[in-house]
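Topology and contacts: notes
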Amino acid sequence: MKALVVDDAKVVRVTLGRIMKQIGYEVLEAADGAQALEQMEANPDTAVVMLDWNMPVMNGYDFLVELRGRPEHGSDPKVIMVTTETGMGQMLKALAAGADEYIMKPFDKDMVVSKMEILGLEVAEG
Ligand SMILES: [Mg+2]
């Protein structure tokens, strides 16, 4: 099972990556939306994308729109927004664009596990 962690902050990628490894995922990383699209092209079997909103080059929202518009990627990963953009308008915009769940920063392992379970994604004991 592959999880793609997308955030321009390395500390977030490391922290979130560690959580995803603990619950059984192989972790891929990207520092912006453009890198994330490249990772998805190389890893179309990715099960879940943990997605920041505010990033340089291509932000999380633009990545999401692009991803959902490219069914040729061959997979339909779950997308969990992990962001400080938690206004109702932002949330509805992301959900309308194809996000499946929303986690507000700062996050912890319990919040991640809870959202993964809501989406029916595998969570290994660890
Ligand atoms: Mg950011």
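Right, let's walk through the structure included here. (Residues numbered from 1 in each chain as written. Predicted model: local features only at pLDDT ≥ 70, side-chain atom pairs only at ≥ 80, totals over all residues.)

**Comments concerning the packing of helix 2 (residues 33-42) against helix 3 (residues 60-68)**
Following both chains from N to C, one finds helix 2 and helix 3 inclined at 30 degrees, their axes separated by 9 Å at the closest point. Considering their axes alone, helix 2 and helix 3 lie roughly parallel with respect to each other. Crossing handedness for the pair helix 2 and helix 3: right-handed. Between helix 2, through Gly-33, Ala-36, Leu-37 and Met-40, and helix 3, the contact on the second element is made entirely by Gly-60, Asp-62, Phe-63, Glu-66 and Leu-67. Of the residues that constitute the contact of helix 2 with helix 3, the class distribution is five nonpolar, two polar and two charged. (Axes fitted to C-alpha atoms, helices over the stretch in contact; angles between N-to-C directions. Helix = DSSP H or I, 4+ residues; strand = E, 2+ residues; numbered from the N terminus. Parallel < 35°, antiparallel > 145°, perpendicular 65-115°, else oblique. Left-handed = near helix turned anticlockwise from the far one by under 90°. Contact = placed C-beta atoms within 7 Å. Nonpolar A, V, L, I, M, F, W, Y, C, P; charged D, E, K, R; others polar.)

**Considering unusual backbone geometry**
Lys-105 connects to Pro-106 through a cis peptide bond whose omega is 0 degrees. For Pro-106, the location among the structural elements is in the loop between strand 5 (101-104) and helix 5 (109-118). The phi torsion at Val-57 lies on the positive side, around 70 degrees, for a residue other than glycine. Mapped onto the elements of the fold, Val-57 is located in the loop between strand 3 (46-51) and helix 3. Exposure remark for Val-57: the 13 C-beta atoms within 10 Å place this residue in the partly exposed category. (Buried ≥ 20, exposed ≤ 12 C-beta atoms within 10 Å, placed from the backbone.)

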